[in-house]
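Per-entry structural report
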Amino acid sequence: MKVIRRTALHLMTLTAIAYAGSTLAAGDAGHGRELFTAQCSACHTTNGSPLVGPSLLGVVGRHAGSLAGVNYTPALKNYDVVWDAKTLDTFLTSPFAVVPGTTMPISIPSASDRADVIAYLQTLSTSQ
(Lines give C-alpha, C1' and ligand atoms only; values in the text may rest on other atoms or scores of the structure.)
Protein backbone atom coordinates (compact mmCIF):
# COMPACT_ATOMS: atom_id res chain seq x y z
CA MET A 1 0.00 0.00 0.00
CA LYS A 2 2.88 2.39 0.83
CA VAL A 3 4.45 1.72 -2.58
CA ILE A 4 1.21 2.59 -4.36
CA ARG A 5 0.82 5.83 -2.37
CA ARG A 6 4.45 6.77 -2.95
CA THR A 7 4.13 6.03 -6.67
CA ALA A 8 0.91 8.04 -6.87
CA LEU A 9 2.58 10.94 -5.04
CA HIS A 10 5.54 10.83 -7.43
CA LEU A 11 3.22 10.81 -10.46
CA MET A 12 1.24 13.75 -9.10
CA THR A 13 4.47 15.66 -8.41
CA LEU A 14 5.82 14.97 -11.89
CA THR A 15 2.51 15.98 -13.45
CA ALA A 16 2.51 19.24 -11.50
CA ILE A 17 6.10 19.99 -12.52
CA ALA A 18 5.38 19.22 -16.16
CA TYR A 19 2.25 21.39 -16.12
CA ALA A 20 4.06 24.29 -14.45
CA GLY A 21 6.91 24.02 -16.92
CA SER A 22 4.61 24.04 -19.94
CA THR A 23 2.66 26.99 -18.55
CA LEU A 24 5.84 28.96 -17.94
CA ALA A 25 7.21 28.08 -21.37
CA ALA A 26 4.01 29.28 -23.01
CA GLY A 27 4.62 32.86 -21.90
CA ASP A 28 2.21 35.77 -21.65
CA ALA A 29 1.02 36.72 -25.15
CA GLY A 30 -0.43 40.04 -23.93
CA HIS A 31 2.89 41.13 -22.48
CA GLY A 32 4.61 39.74 -25.58
CA ARG A 33 2.47 41.99 -27.76
CA GLU A 34 3.53 45.01 -25.68
CA LEU A 35 7.19 44.00 -26.00
CA PHE A 36 6.77 43.42 -29.73
CA THR A 37 5.22 46.87 -30.17
CA ALA A 38 8.01 48.51 -28.17
CA GLN A 39 11.00 46.60 -29.57
CA CYS A 40 10.11 44.93 -32.85
CA SER A 41 7.43 46.93 -34.67
CA ALA A 42 9.87 49.50 -36.03
CA CYS A 43 11.11 46.81 -38.42
CA HIS A 44 8.45 44.06 -38.43
CA THR A 45 4.72 44.12 -39.10
CA THR A 46 2.14 41.50 -38.22
CA ASN A 47 -0.19 42.18 -41.14
CA GLY A 48 1.58 40.24 -43.87
CA SER A 49 3.36 43.22 -45.46
CA PRO A 50 7.14 43.43 -44.99
CA LEU A 51 8.54 46.61 -43.47
CA VAL A 52 12.33 46.77 -42.99
CA GLY A 53 12.26 43.14 -41.92
CA PRO A 54 9.75 40.46 -42.85
CA SER A 55 6.22 40.42 -41.55
CA LEU A 56 5.95 38.07 -38.60
CA LEU A 57 2.39 37.07 -39.43
CA GLY A 58 2.52 33.27 -39.53
CA VAL A 59 6.20 33.16 -38.62
CA VAL A 60 5.77 30.08 -36.43
CA GLY A 61 6.00 27.11 -38.78
CA ARG A 62 7.66 29.10 -41.58
CA HIS A 63 11.10 28.25 -42.92
CA ALA A 64 13.65 30.97 -42.11
CA GLY A 65 14.43 33.34 -44.97
CA SER A 66 11.56 32.13 -47.13
CA LEU A 67 8.90 34.87 -47.16
CA ALA A 68 8.40 36.19 -50.69
CA GLY A 69 9.15 39.85 -51.31
CA VAL A 70 11.74 40.18 -48.54
CA ASN A 71 15.40 40.91 -49.26
CA TYR A 72 16.96 38.51 -46.74
CA THR A 73 20.68 38.45 -46.06
CA PRO A 74 22.43 35.37 -47.44
CA ALA A 75 23.09 34.33 -43.83
CA LEU A 76 19.38 34.21 -43.02
CA LYS A 77 18.47 32.61 -46.35
CA ASN A 78 20.90 29.81 -45.51
CA TYR A 79 19.78 29.44 -41.88
CA ASP A 80 18.12 26.08 -42.34
CA VAL A 81 15.42 26.05 -39.65
CA VAL A 82 11.68 26.21 -39.36
CA TRP A 83 10.64 28.82 -36.82
CA ASP A 84 9.17 27.32 -33.68
CA ALA A 85 9.39 28.25 -30.00
CA LYS A 86 12.86 26.71 -29.63
CA THR A 87 14.43 28.18 -32.77
CA LEU A 88 12.88 31.60 -32.11
CA ASP A 89 14.16 31.53 -28.52
CA THR A 90 17.67 30.67 -29.69
CA PHE A 91 17.64 33.35 -32.37
CA LEU A 92 16.15 36.08 -30.17
CA THR A 93 18.73 35.39 -27.46
CA SER A 94 21.56 36.57 -29.71
CA PRO A 95 20.79 36.91 -33.43
CA PHE A 96 24.39 37.71 -34.45
CA ALA A 97 25.79 34.72 -32.56
CA VAL A 98 23.23 32.34 -34.06
CA VAL A 99 23.21 33.73 -37.61
CA PRO A 100 26.43 35.65 -38.27
CA GLY A 101 25.65 38.19 -40.98
CA THR A 102 22.02 38.80 -40.06
CA THR A 103 20.91 42.42 -39.99
CA MET A 104 18.62 41.83 -37.01
CA PRO A 105 19.84 44.47 -34.52
CA ILE A 106 17.76 43.51 -31.48
CA SER A 107 18.18 40.67 -29.00
CA ILE A 108 15.96 39.89 -26.04
CA PRO A 109 18.22 38.89 -23.15
CA SER A 110 15.43 38.02 -20.70
CA ALA A 111 14.17 34.42 -21.04
CA SER A 112 10.73 35.39 -19.72
CA ASP A 113 10.47 38.30 -22.19
CA ARG A 114 11.48 35.96 -25.03
CA ALA A 115 8.82 33.47 -23.92
CA ASP A 116 6.24 36.27 -23.91
CA VAL A 117 7.19 37.53 -27.38
CA ILE A 118 7.16 33.97 -28.72
CA ALA A 119 3.75 33.36 -27.13
CA TYR A 120 2.50 36.47 -28.96
CA LEU A 121 4.07 35.36 -32.26
CA GLN A 122 2.34 31.99 -31.87
CA THR A 123 -1.01 33.80 -31.93
CA LEU A 124 -0.27 35.32 -35.34
CA SER A 125 -1.70 32.66 -37.59
CA THR A 126 -2.09 33.41 -41.28
CA SER A 127 -5.61 31.99 -41.07
CA GLN A 128 -6.87 34.91 -38.92
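These numbers were taken from a predicted model, which means no experiment stands behind them.

On to the packing of helix H4 (residues 85-93) against helix H6 (residues 111-122), then. Running from amino to carboxyl end, H4 crosses H6 at an angle of 130 degrees, the nearest separation of the two axes being 10 Å. What the angle tells us is that H4 and H6 run oblique. Between H4 and H6 lies a crossing whose hand is right-handed. For the pair H4 and H6, the contacting residues are Ala-85, Leu-88, Asp-89, Leu-92 and Thr-93 in the first and Arg-114, Val-117, Ile-118, Leu-121 and Gln-122 in the second. Of the residues that constitute the contact of H4 with H6, the class distribution is six nonpolar, two polar and two charged.

Below, the discussion takes up the environment of Ala-42. One can find Ala-42 in the loop between helix H2 (29-39) and helix H3 (74-77). Along the chain, Ala-42 and Val-52 lie 10 residues apart, while their C-alpha atoms are 7.9 Å from each other. Discounting chain neighbours no more than four positions away, the residues touching Ala-42 are Leu-51 and Val-52.

Quick look at the nonpolar core now. Grouped together as the largest cluster of nonpolar side chains are 24 residues, with contacts concentrated most on Leu-76, Tyr-79, Trp-83, Phe-91, Leu-92 and Leu-121. Of all elements in the fold, only H2, H4 and H6 reach the threshold of two or more residues within this core. With residues near it in sequence (within four places) discarded, Phe-91 still touches Leu-76, Tyr-79, Trp-83, Val-98, Val-99, Thr-102 and Met-104.

Scoring rules and cut-offs
Once a new chain begins, its residue numbering starts again from 1 and follows that chain's sequence as written. It should be noted that, the model being predicted, local features are given only for residues of pLDDT at least 70 and side-chain atom pairs only at 80 or more, the latter also being counted only at that level, while totals for whole chains, interfaces and linings use all residues. Each side-chain value is derived from all of the structure's non-hydrogen atoms; neither hydrogens nor water enter the calculation. Lines fitted to C-alpha atoms define the axes here, with helix axes fitted over just the stretch in contact, and angles between the N-to-C directions of these axes take values from 0 to 180 degrees. In DSSP terms, a helix is any run of H or I states spanning at least four residues, a strand is any run of E spanning at least two, and both are numbered starting from the N terminus. Angles are sorted into four bins: roughly parallel if under 35 degrees, roughly antiparallel if over 145, roughly perpendicular if 65 to 115, and oblique for all others. Crossing chirality is assigned from the near helix's rotation relative to the far helix, an anticlockwise turn below a right angle marking it left-handed and a clockwise turn marking it right-handed. Residue contacts follow a heavy-atom distance rule, with two residues in contact if any of their heavy atoms lie within 4.5 Å. Think of it as three bins: nonpolar holds Ala, Val, Leu, Ile, Met, Phe, Trp, Tyr, Cys and Pro, charged holds Asp, Glu, Lys and Arg, and polar takes everything else, Gly as well. For the purposes of this section, nonpolar cores are sets of buried Ala, Val, Leu, Ile, Met, Phe, Trp, Tyr and Cys residues that join through side-chain atoms within 4.5 Å. For every residue, the accessible area obtained with a 1.4 Å probe (protein chains only) is divided by the maximum for its type, and the residue is called buried under 20%, exposed over 50%, and partly exposed between those limits.

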